[in-house]
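Each chain is listed here by its residues.
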Amino acid sequence: MSKRVTKPTEDPLWLKLTLGAVALAFVAVVLVLPLVLVFKEALAGGVDAFFNAMTEPDTLASVKLSLLAAAIAVPLNTVFGIAAAWAIAKFDFRGKTFLVTLIDLPFSVSPVVAGLVYVLIFGNHGWFGSTLADHDIRILFALPGIVLATIFVTFPFVARELIPLMVDQGRDEEEAAATLGASGFRTFLMVTLPNIKWGLLYGILLCNARALGEFGAVSVLSGKIRGETNTMPLHIQLLYDNYDYVGAFAVAALLAMLGLLTLAIKSFLEWRYADELAASHRH
Amino acid sequence: MSLVVDSVSKKFARFPALNGASFSAPQGAFVSLLGPSGSGKTTLLRILGGLEVADSGTVRFADLNWLGMPARTRNAGFVFQQYALFKHMTVADNIAFGLKVRPRDKRPAKDEINKRVTDLLQLVQLPGLEGRYPSQLSGGQRQRVALARALAIEPRMLLLDEPFGALDAKVRKELRVDLRRIHDHTGVTTVFVTHDQEEAFAVADLVAVMKDGRIEQYGAPADVRRNPKTAFVSEFLGA
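What you see is a predicted model, and the numbers here were worked out from it, not measured in a lab.

1. Describing the overall build of chain B
Working step 1: Counting secondary structure elements, chain B contains nine helices and 10 strands.
Working step 2: Since a compact globule built from 239 residues should have a radius of gyration of about 18 Å, the 18 Å found for chain B is in line with a globular shape.
Working step 3: Viewed in the frame of its principal axes, chain B has a C-alpha envelope of about 55 × 40 × 35 Å.
Working step 4: When burial is assessed residue by residue, chain B has 53% of its 239 residues classed as buried.
Working step 5: In chain B, the proportion of contacts linking residues at least 24 apart, taken out of those at least 6 apart, comes to 67%.
Working step 6: Summing over all exposed atoms, chain B offers an accessible surface of approximately 10500 Å²; the carbon and sulfur share of this is 49%.

2. What about the pairing of strand S6 (residues 76-79) of chain B?
Every regular strand shows the same layout, with side chains that alternate between the two sheet faces.
Residues and elements named next belong to chain B.
Working step 1: Burial along S6 is two-sided: Ala76 and Phe78 and Gly77 and Val79, pointing in opposite directions, are all buried.
Working step 2: Two elements, S6 and strand S7 (residues 157-161), share four bridges in a ladder whose sense is parallel. Each bridged residue has a counterpart across the sheet, and for Val79 the counterpart in S7 is Leu160.

3. Observations regarding helix H9 (residues 184-213) of chain A
Working step 1: For H9(A), built from 30 residues, the straight-helix expectation of 44 Å at 1.5 Å per residue is missed by more than 12%, its first-to-last C-alpha distance being only 37 Å.
Working step 2: Remark: the principal bend of H9(A), roughly 60°, maps to A:Lys197.

4. Section: the packing of helix H3 (residues 91-100) of chain B against helix H5 (residues 139-152) of chain B
All names here are of chain B.
Working step 1: Running from N to C, H3 and H5 cross one another at 25°; their axes reach a closest spacing of 7 Å. Here H3 lies roughly parallel to H5, going by the angle between them. Like other packed secondary-structure pairs, H3 and H5 cross with a definite hand, here right-handed. In contact with Val91, Asn94, Ile95 and Leu99 of H3, H5 contributes Val145, Ala148, Arg149 and Ala152.
Working step 2: Residue composition of the contact of H3 with H5, by class: six nonpolar, one polar and one charged.

5. Some remarks on a nonpolar patch on the surface
Working step 1: On the surface, a nonpolar cluster with roughly 630 Å² of combined accessible area is contributed by A:Phe26, A:Val27, A:Val29, A:Val30, A:Leu31, A:Val32 and A:Val36.
Working step 2: Structurally, A:Leu31 is set in helix H1 (residues 13-42).

6. Quick notes on the packing of aromatic side chains
Working step 1: Tallied over the entire structure, the rule returns 17 aromatic pairs over all chains.
Working step 2: Taken together, a centroid distance of 5.4 Å and an interplanar angle of 90° make the contact between A:Phe107 and A:Phe157 edge-to-face. With A:Phe107 in helix H4 (residues 96-108) and A:Phe157 in helix H7 (residues 143-169), this residue pair connects regions lying 50 residues apart in the sequence.
Working step 3: A relative accessible area of 47% means that A:Phe107 is categorised as partly exposed.
Working step 4: The class of A:Phe157 is buried, set by a relative accessible area of 15%.
Working step 5: Three or more aromatic residues joined by ring pairs form one cluster here, namely A:Tyr118, A:Phe122, A:Phe128 and A:Phe152.
Working step 6: Across from the ring centre of B:Phe201, 4.4 Å away, lies the NZ or CZ of B:Arg225, which sits over that ring.

7. Some details on the packing of H7(A) against H9(A)
Residue and element names in this part refer to chain A.
Working step 1: Running from N to C, H7 and H9 point in directions that differ by 155°, and their axes come no closer than 9 Å. By the angle class used here, H7 and H9 are roughly antiparallel. You can see that H7 and H9 cross each other, and the crossing is right-handed. Where H7 abuts H9, its residues Thr150, Val153, Thr154, Phe157, Val158, Glu161, Leu162, Leu165, Met166 and Gln169 lie against Thr192, Asn195, Ile196, Gly199, Leu200, Tyr202, Gly203, Ile204, Leu206, Cys207, Arg210 and Ala211.

8. Quick word on the confidence of the model for chain B
Atom-level detail of predicted coordinates should not be read off regions where pLDDT is low.
Working step 1: Here chain B shows a mean pLDDT of 94. Residues at 70 or above account for 99%.
Working step 2: Confidence metrics for the complex model read pTM 0.84 and ipTM 0.93.

9. Quick word on the sheet that holds strand S1 (residues 2-11) of chain B
The strands that make up a sheet are held in pairs by hydrogen bonds between backbone atoms, and each pair lies either parallel or antiparallel.
All names here are of chain B.
Working step 1: Here we have four strands laid out as an open sheet, ordered S2-S1-S4-S5, and antiparallel in their pairing. With one partner strand each, in any of the chains shown, strand S2 (16-26) and strand S5 (64-65) form the two edges of the open sheet.
Working step 2: Its contacts with the sheet put helix H1 (residues 41-49) on S1, S2 and strand S4 (56-61), and the angle it makes with S1 is roughly 120°.

Scoring rules and cut-offs
Residues numbered from 1 in each chain as written. Chains lettered and ligands numbered in written order. Predicted model: local features only at pLDDT ≥ 70, side-chain atom pairs only at ≥ 80, totals over all residues. Heavy atoms only, no water. Helix = DSSP H or I, 4+ residues; strand = E, 2+ residues; numbered from the N terminus. Rg over C-alpha atoms; globule rule 2.2 N^0.38 Å. Buried < 20%, exposed > 50% of the residue type's maximum accessible area, 1.4 Å probe, protein only. Contact = heavy atoms within 4.5 Å. Areas by Shrake-Rupley, 256 points an atom, 1.4 Å probe, with all protein chains shown as cover. Pairing = 2+ DSSP bridges. Expected span 1.5 Å × (residues − 1). Bend = angle between axes of the 7 residues up to and from the residue. Axes fitted to C-alpha atoms, helices over the stretch in contact; angles between N-to-C directions. Parallel < 35°, antiparallel > 145°, perpendicular 65-115°, else oblique. Left-handed = near helix turned anticlockwise from the far one by under 90°. Nonpolar A, V, L, I, M, F, W, Y, C, P; charged D, E, K, R; others polar. Patch = residues over 30% accessible without salt bridge, like charges linked within 9 Å, V, L, I, M, F, W, Y side chains within 5 Å. Salt bridge = Lys/Arg side-chain N within 4 Å of Asp/Glu carboxyl O. Phe/Tyr/Trp six-rings, centres within 6.5 Å; stacked < 30°, edge-to-face > 60°. Lys NZ or Arg CZ within 6 Å of the ring centre and 35° of its normal. pLDDT = per-residue confidence, 0-100.

And the structure:
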């Protein structure tokens, strides 16, 4: 009787099948099934009910508000993220470790806590509350508060994506540019930025997806005024709490679609520019 | 019109990298800084290039207070061990970089830049590779491009940091012969860092043997080899 010789790194067939099945089942139950159910529930009352729920004025207002908040927060965090990553990766200074820790803060602190901190600062009884009230500036329960909360929560995405990339690339190319007479700004535009564009794009997409989906901090700061300060995630909860399941799942489906769209764009870009990506990783 | 390095010192966080290094060389000389790793040769070169700041000491070059100028205005071509080519630019764009970033009134016209790129590729013996990307070149070819890029700005001084350290023996030899030929052609004052004594002696007019941030012995290759002044130099050269 001869036994088939296997490669040293190969596992027996039964083990491969079992592990594969477990992984597939996990992905199906935890990731795919909920997503499918969201769309199924959204369309439970028929296509007409879905579109009626979607075109309801308060729902439209929430979609607009979410997109607006993301449209302000994402570009700002892109600039902050690039600046922070650039400083950390290309320069040595005191307190660098502290800055890196600070950037991770939004990941480790619950968004609700962050929201409450802003209430302490800008609320009626907060530090700046009365000054702001005197000048009739509204931050809480208005767009500025929602944007602030979104910025706080999504701050790390761009920076976190760029820091390891830029540290890995080192400073050689920037130093070469300096010896060739390029100014700091030109070096950044012509050398640093092209080297990080893919990581940057990925960071921006993730930041955007998270900005649209942010619930905790925004829920504390927005005041949840229907049709005015309700973002999409808040509006979903409101509809759900009012037993409007079709409405809640319709908006949830839209939010999920925006997330899927983000992933689709990312995959498309990775496929379209695969050569360039591979070239930039080679040395 | 010469290079005078006078007691340059530099301390990093924990250890002194340079301990009062001094030497001088006439304009157009080819100087090798030779020494084991940690002897401070790369630090001295980076100070000359403006990539590190000295704690004390002075450098005068061509009647300029060299250390008082930022790297950007020194017009010193620098060649790195790991090439440091701009990965996302073609060979031609890499070489033209230093010309393209000049202020408008000092920037050559497009045709002139293109002609300069062609000439430089000829000089480093890579004609016709304008359109390639660095990832499509061998190590030796990349270092030739890096050399052409450093020469494109018509540098006052050419600084090379172990430029052939990552290459195999055969390519090293070819490149160092070419480097000397190019130096004789351009006449630019050149400082070359290496830990390979054969390389240092073969290519340079003057050799500075370094140890612990100081220059142990400085002179023409033949003199240094014939009369090692300290036990360290004789041992290092004997090894």
